[in-house]
Number of protein chains: 2
Amino acid sequence: MTDRTGQVAVVFLSQRRAGDDDAYGAAAVAMEALAAGQPGYRGVDSARGADGFGITVSWWADEAAAVAWRGHPVHAAIRDAGRADWYERYEVAVAGVDRSYRWARGGLSE
Amino acid sequence: MTDRTGQVAVVFLSQRRAGDDDAYGAAAVAMEALAAGQPGYRGVDSARGADGFGITVSWWADEAAAVAWRGHPVHAAIRDAGRADWYERYEVAVAGVDRSYRWARGGLSE
């Protein structure tokens, strides 16, 4: 229902290492809850396959909100833990949404 | 290794319906192969979890390449099949990459 035009998408692509699933899962939940409380937060979408490759997109009202989230001290601490333990590699792309559209079965498209 | 700054990201978020996995899998493979042959193609990343929610990001050299891909007749035909059979809902966001960075274990970051 949300038109995301004008929002900033932070696309996080990551390859998980095997193991430490409980700690990782707890951190992932904590990160999403933390993000949701930040100014300018507009949602998060996440998927990870059985091969351990995952994509998370967090949506922000503007560039300033995305930058503030990057600099959040708890986010930074969890990023350090990710580098130390959880990820084999990751990539981040920060992108301004030029247009968006959606479709849903039953006609909830816009 | 690739800096994606200046590229256009087409972020496709979708909820699969149960069933028809063989046809869907074949179409997904065909779509990736087709995309890879288009002018301005710069890669694709995809993840789908056990709950059927998936995110695919295709990367394009510029806006014109992303728009051409949207209008490709085979892409359009597969999109119709997706609406008819495979998806419960989906969302697309087209976004221009302002900056990107990456990290890899062992120091392949840039």
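These figures come from a predicted structure and were not determined experimentally.

Asker: Help me understand the interface of chain A and chain B in this model?
Answerer: When the parts of a complex come together, some accessible area is lost, and that lost area is often used as the size of the interface. Taken together, the contact between chain A and chain B spans 41 residues of the former and 41 residues of the latter. Roughly 3,600 Å² of surface becomes buried between chain A and chain B when both sides are summed, with 54% attributable to carbon and sulfur atoms. Run the count over chain A and chain B and you get eight salt bridges. Of the charged contacts, one joins B:E88 and A:R105 as a salt bridge, the two residues approaching to 4.0 Å between their closest N and O atoms. On inspection of chain A and its partner chain B, the count reaches 23 residue pairs in polar contact (both at pLDDT 80 or more). Put simply, the parts of the chain that give the side of chain A that touches chain B at least two residues each are strand 1 (8-16), strand 2 (41-48), strand 3 (53-60), helix 2 (63-71), helix 3 (73-86) and strand 4 (87-104) of chain A. In terms of residue count, the dominant contributor to the side of chain A that touches chain B is strand 4 of chain A (18 residues). Across the side of chain A that touches chain B, the residue classes break down as 20 nonpolar, six polar and 15 charged. Pairing between strand 4 of chain A and strand 4 (residues 87-104) of chain B: 15 bridges, direction antiparallel. The partner of A:Y90 across the bridge, within strand 4 of chain B, is B:W103.

Asker: Quick question: what am I supposed to make of unusual backbone geometry here?
Answerer: Residues apart from glycine generally show negative phi values, whereas peptide bonds are mostly found in trans. All names here are of chain A. Of note in this structure, D20 is not a glycine but carries a positive phi near 60 degrees. If you trace the backbone, D20 turns up in the loop between strand 1 and helix 1 (21-36). Of the residues examined, D20 reaches a relative accessible area of 40% and is grouped as partly exposed.

Rules used in this analysis
Residues numbered from 1 in each chain as written. Chains lettered and ligands numbered in written order. Predicted model: local features only at pLDDT ≥ 70, side-chain atom pairs only at ≥ 80, totals over all residues. Heavy atoms only, no water. Contact = heavy atoms within 4.5 Å. Buried area = accessible area lost by both parts, 1.4 Å probe. Salt bridge = Lys/Arg side-chain N within 4 Å of Asp/Glu carboxyl O. Polar contact = N/O pair within 3.5 Å; in protein donor to acceptor, adjacent residues only side chain to side chain. Helix = DSSP H or I, 4+ residues; strand = E, 2+ residues; numbered from the N terminus. Nonpolar A, V, L, I, M, F, W, Y, C, P; charged D, E, K, R; others polar. Pairing = 2+ DSSP bridges. Buried < 20%, exposed > 50% of the residue type's maximum accessible area, 1.4 Å probe, protein only.

Function cannot be read off these values alone, since they describe shape.
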